[in-house]
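# A structural walkthrough
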Amino acid sequence: MTSEWKTLEDVEKHIFECTACPLSDTVINKVVRKGSDRPKVLFIGEAPGKNEDETGVPFCGRAGKILDDLIDYAGLEDSDWAVINTIKCRPPKNRNPNKKELEACKPFLNRQIELLDPRLIILLGNTAEKAFLNGHKMEWGSVEEFEGRNVLKIFHPAALIYTRSRTDDQHQFIDENRHLFLN
């Protein structure tokens, strides 16, 4: 199935046509990605929220502002990064995606990663970890190689809205791993 998706545009077309889970019945806008087509760093979030569902743009609300600040802190230019979510449709009431939803979107997630081909994947929180690493657990802020890619797990920006004290830890995670994307 995914081998016929040769370009990011092919993947996006199939995302917009997808009816593999019930979320497609309640979504306003499917949320595909934003950022570079050839990023050094790919951020993977959990799922679209209310603002994202309304606009079709990932991380455009309060958590998006925190992610923007982190991107600036990391010294990334617009051409250096992209962001996608594990699923492309908003779950009702912003609940966590369930296993069926994660599995329905997994081919899209995997093919986006292949086509974007980043140097570093940054998983934003536990749901991104669960969806991408198939149950493997990572330490916060530590890089591991997974299927030939460098992967780093950091706090989801929404978590920093409620626990601002983690911002220094988040910055340390970036500082310790800059060498993976700044060269």
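To be clear, the structure that these remarks concern was listed above.
Residues numbered from 1 in each chain as written. Predicted model: local features only at pLDDT ≥ 70, side-chain atom pairs only at ≥ 80, totals over all residues. Heavy atoms only, no water.

## Some details on the pattern of salt bridges
- According to the stated counting rule, one finds 13 salt bridges in the structure shown.
- Of the charged contacts in the structure, one is a salt bridge between Glu129 and Lys137, with a shortest N-O distance of 3.9 Å.
- On the accessibility criterion, Lys137 (60% relative accessible area) is exposed.
- One network of salt bridges, in which partners are shared, links Glu12, Arg33 and Asp37. (Salt bridge = Lys/Arg side-chain N within 4 Å of Asp/Glu carboxyl O. Buried < 20%, exposed > 50% of the residue type's maximum accessible area, 1.4 Å probe, protein only.)

## Examining the sheet that holds strand E3 (residues 81-85)
- Reading across the sheet, the six strands line up as E1-E3-E2-E4-E6-E5 and stay open at both edges, with mixed pairing between neighbours. Sheet topology places strand E1 (34-35) and strand E5 (143-146) at the edges, where each strand pairs with a single neighbour.
- Against the sheet, helix H4 (residues 62-74) engages E1, strand E2 (41-45), E3, strand E4 (120-124) and strand E6 (149-154), with an angle of about 160 degrees to E2.
- Across the sheet, helix H6 (residues 126-133) touches E2, E4, E5 and E6, and the angle it forms with E4 is around 130 degrees. (Pairing = 2+ DSSP bridges. Helix = DSSP H or I, 4+ residues; strand = E, 2+ residues; numbered from the N terminus. Contact = heavy atoms within 4.5 Å. Axes fitted to C-alpha atoms, helices over the stretch in contact; angles between N-to-C directions.)

## Description of the pairing of E2
- Among the five residues in E2, five count as buried, and that is most of the element.
- Burial of the side chains of E2 extends over both faces: Val41, Phe43 and Gly45 are buried on one face and Leu42 and Ile44 on the other.
- Of the strand pairs in this sheet, E2 and E4 are connected by four bridges, and their pairing is parallel. The residue bridging Ile44 from the neighbouring strand is Leu123, located in E4.

## Looking at the nonpolar core
- Core analysis: the largest hydrophobic core is formed by 33 residues, its most contacted members being Ile44, Ile113, Leu123 and Phe132.
- Within the residue set of this core, elements represented by two or more residues are helix H1 (8-17), E2, E3, helix H5 (99-116), E4 and H6.
- When residues of this core are assigned to their parent elements, the largest contribution, eight residues, is made by H5.
- Sequence-distant contacts of Leu123, defined by excluding residues within four places in its chain, comprise Ile44, Ala128, Glu129, Phe132, Leu133, Met138, Val151, Leu152, Lys153 and Ile154.
- Formed by 24 residues, the second largest nonpolar core is a distinct cluster that contains Val41, Phe43, Leu67 and Leu152. (Core = buried A, V, L, I, M, F, W, Y, C linked by side-chain atoms within 4.5 Å.)

## Focus: the packing of aromatic side chains
- Applying the stated rule across the entire model yields four aromatic pairs.
- Each member of the aromatic cluster is reached from another via a ring pair, and the members are Trp140, Phe155 and Phe173.
- The ring of Trp140 has Lys153 sitting right over it, with the charged end atom 3.9 Å from the ring centre.
- Taking the ring centre of Tyr73 as reference, the NZ or CZ of Arg178 above it sits at 5.1 Å. (Phe/Tyr/Trp six-rings, centres within 6.5 Å; stacked < 30°, edge-to-face > 60°. Lys NZ or Arg CZ within 6 Å of the ring centre and 35° of its normal.)

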